Amino acid sequence: MFRPKIPTMPMPTGLTTPPAVVEPTTVTRHAEIPLATTHTPAPSRPTVQLTPGTALALVGGGTAVVLVLGAVLVSLLLAVAITGASVGVCAVVLRSLLASDAKRPCPIS
């Protein structure tokens, strides 16, 4: 019951073509001819130098982001908790009012 069922690959039902035969090729070496063109170096991208100051700035920025995100999430959780508590208090008050109204005798009779 708890063993996974592995699907099996269905066999092809239509016409299939046999695999193509690959013939090996021979490699012949020729004499190297020097090229007359000049080689231009590829444009190099500037590399980022990570100094102790920039590493400290990155750590400080990451810490600030984590602290701000944590404060936002905690405040949202607190808002949900306060809203739930106030809804609970309102429900208890309404239940009490309805129960006391049902116990009161009818004034018309």
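Residues numbered from 1 in each chain as written. Predicted model: local features only at pLDDT ≥ 70, side-chain atom pairs only at ≥ 80, totals over all residues. Heavy atoms only, no water.

Here we take up the overall build of the protein chain. Along its length, the protein chain carries 1 helix and 0 strands. Every one of the 109 residues in the protein chain was classed for burial, and the buried ones make up 0%. As displayed, the protein chain has an accessible area near 11600 Å², and 72% of this comes from carbon and sulfur atoms. (Helix = DSSP H or I, 4+ residues; strand = E, 2+ residues; numbered from the N terminus. Buried < 20%, exposed > 50% of the residue type's maximum accessible area, 1.4 Å probe, protein only. Areas by Shrake-Rupley, 256 points an atom, 1.4 Å probe, with all protein chains shown as cover.)

Across its 52 residues, helix 1 (residues 52-103) extends 77 Å between first and last C-alpha, which sits within 8% of the 76 Å expected from 1.5 Å per residue. Across the 52 residues of helix 1, 0 count as buried, placing the element largely on the outside. (Expected span 1.5 Å × (residues − 1).)

The next point concerns a nonpolar patch on the surface. Taken together, the side chains of Val68, Leu69, Val72, Leu73 and Leu76 define a hydrophobic patch exposed on the protein surface, amounting to about 480 Å² of accessible area. Looking at the secondary structure, you find Val72 in helix 1. According to the relative accessible area criterion, Val72 is partly exposed, its value standing at 42%. (Patch = residues over 30% accessible without salt bridge, like charges linked within 9 Å, V, L, I, M, F, W, Y side chains within 5 Å. Salt bridge = Lys/Arg side-chain N within 4 Å of Asp/Glu carboxyl O.)

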